[in-house]
Amino acid sequence: MRLDTRRTGFSLEAPFYTDPNLFNLDMQGVFGQHWVFACSVAEIPEPGDYVTLDYGPYSIIILRNDDGGVNVIHNVCRHRGARVLTESQGTTGNLVCGYHSWTYSPEGDLIHASAPGEMTFDKSCYSLKRAHGKIAAGLVFICLAEEPPTDFHETAKIFEPYVAPHELEKTKVAYQQNIVEEGNWKLVMENNRECYHCDGHPELACSLFPTWGLTDETIPPHLEDVWDRNQQAQASLEYRCRRYGLPYEVVEELDTRVGGIRISRESLDGAGESFSADGRRLSKKLLGDLPDFRLGRCSMHLQPNSWFHLLGDHVITFAAFPISATKTLVRTTWLVADDAVEGVDYDLESLTHTWKQTNLQDKNFVELCQQGAASPFYEQGPYMKSEYQVEAFIGWYVQRMREHVG
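Quantities reported herein were computed from a predicted structural model and do not represent experimental measurements.

Caption draft 1: Quick peek at the overall build of the protein. Of the regular secondary structure elements, the protein holds 7 helices and 17 strands. For the protein, the C-alpha radius of gyration of 22 Å lies close to 22 Å, the compact-globule estimate for 406 residues. In terms of overall dimensions, the protein has C-alpha extents of about 80 × 55 × 35 Å along its principal axes. Per-residue burial over the protein gives 55% buried out of 406 residues. Within the protein, contacts between residues at least 6 apart in sequence are counted, and of these 66% link residues at least 24 apart. Roughly 17600 Å² of accessible area belongs to the protein as shown, and the carbon and sulfur atoms make up 49% of that amount. Taken as two groups, the 36 positive and 57 negative side-chain charges of the protein have centres that lie 1 Å from each other.

In structure tokens:
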């Protein structure tokens, strides 16, 4: 396929969405080389807490260590290659492979191999393989490359002032949803990077202005009233942000840096507090030391696999983990204040309703596109002006793959 002659402003050729060989290249060139969002600290709050992630050919353990950081370890036993930890999350001391009981320290060092009298060998040569991990503003990122991209440090400096006030280290997981979409991971991300399709999200349209990505020049007549309401709400939000010292400005470097990012704080419709039918709060507990529920949403997109909504009353993290060329796990996690009580401070169904429905609708959109990409009559289509972030995502992807294949 032609990375060097990719038609700017158009979707990719079909094999980029369907071919197992290109999927393997994606795993090597993107998910094997770049910083990937894994989880939040709320999912591993204490030393010994872990989550396991499986994507493409990789299986990874992310374990909170005694220093407050994370150990990122390949979940492949050095004896016969068995998965060491088989649960998606839990708490452990040492890491014990269930096959032959090879036992590793939380750092991955082999400390016991049950082979009495059979042979002797240097245990230090058989530690679990390590990868890179870092925590930034309560978000956990991993990188499997020997030499990770260095500019992620600069990316973190961009988003930390926006995310830190929500104090993710003082949140807990209210709910986590895993959806397997029958679609290539790039179609999942393309769908996320535009709101051209947002007429298909009736629950989300109650609070999220469907004018996202549009401008004065591109606003259609049927959205002019909504556009005016959005402009007024945004002006009020920015006034409050200035008053509270919270950043709200748009920073958009999705395809101009290796650690691609877009972040801003944007108004919500109605009361402007949360993703509810009337825009009012869904949890009674404010996050961190935030002074006001009327903070709209801090929206962040990170390349290659994640997006986030941070509100006054809760946070939602989203991550796409590729399974195969035509299948992707989309993980959504709702975080609330760690002292919020279900049934007292929040109703779980109300908290999750909008995005549960939106995720199912997005799943359908992605799968429709996957079916089309598999057709012999598929041709590359043009992106609209409001889909400029889709173009930025594809541009970022193409550049990274060009670098990978040389």
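Now, onward.
Caption draft 2: Quick peek at helix α2 (residues 20-31). Within α2, the full set of buried residues consists of Leu22, Phe23, Asp26, Met27, Gly29, Val30 and Phe31. Two or three places before Asn21, at the start of α2, stands the capping residue Asp19, its side-chain oxygen 2.6 Å from that residue's backbone nitrogen.

Caption draft 3: The state of the cysteines, seen in detail. On inspection of all chains with the given rule, the structure shows 1 disulfide. In this model Cys195 forms its disulfide with Cys198; the gap between the sulfur atoms is 1.9 Å. The chirality of the disulfide connecting Cys195 with Cys198 is left-handed, given an S-S dihedral of about -110 degrees. Taking relative accessible area as the criterion, Cys195 reaches 7% and is therefore assigned buried. Take Cys198: its relative accessible area is 8%, and that puts it in the buried class. Summary of cysteine pairing: Cys97 is not part of a disulfide, and the nearest cysteine sulfur, belonging to Cys77, is at 3.9 Å. Cys369 carries a free sulfur, and the closest cysteine sulfur to it, the one in Cys198, is 14 Å from it. Looking at Cys369, the relative accessible area reads 44%, which means it is partly exposed.

Caption draft 4: Summary view of the sheet that holds strand β13 (residues 261-266). In spatial order, the strands read β11-β17-β16-β15-β14-β13-β12; together these 7 strands make up an open sheet with antiparallel pairing. Every other strand in the sheet has two partners, leaving β11 (171-181) and β12 (251-253) as the edge strands with one partner each. Strand-to-strand, the axes of this sheet are offset by a mean angle of 15 degrees, without reference to chain direction. For strand β15 (residues 306-310) and strand β16 (residues 315-324), the ladder comprises 5 bridges, and the chain directions are antiparallel. Looking at β16, one finds that His309 is bridged to Ile316. Strands β11, β15, β16 and β17 (327-337) of the sheet are contacted by helix α6 (residues 348-373), whose axis makes an angle of about 20 degrees with β11.

Calculation criteria
Residues numbered from 1 in each chain as written. Predicted model: local features only at pLDDT ≥ 70, side-chain atom pairs only at ≥ 80, totals over all residues. Heavy atoms only, no water. Helix = DSSP H or I, 4+ residues; strand = E, 2+ residues; numbered from the N terminus. Rg over C-alpha atoms; globule rule 2.2 N^0.38 Å. Buried < 20%, exposed > 50% of the residue type's maximum accessible area, 1.4 Å probe, protein only. Contact = heavy atoms within 4.5 Å. Areas by Shrake-Rupley, 256 points an atom, 1.4 Å probe, with all protein chains shown as cover. Lys, Arg positive; Asp, Glu negative; His and termini not counted. Charge placed at Lys NZ, Arg CZ, Asp CG, Glu CD. Polar contact = N/O pair within 3.5 Å; in protein donor to acceptor, adjacent residues only side chain to side chain. Disulfide = S-S within 2.5 Å. Pairing = 2+ DSSP bridges. Axes fitted to C-alpha atoms, helices over the stretch in contact; angles between N-to-C directions.

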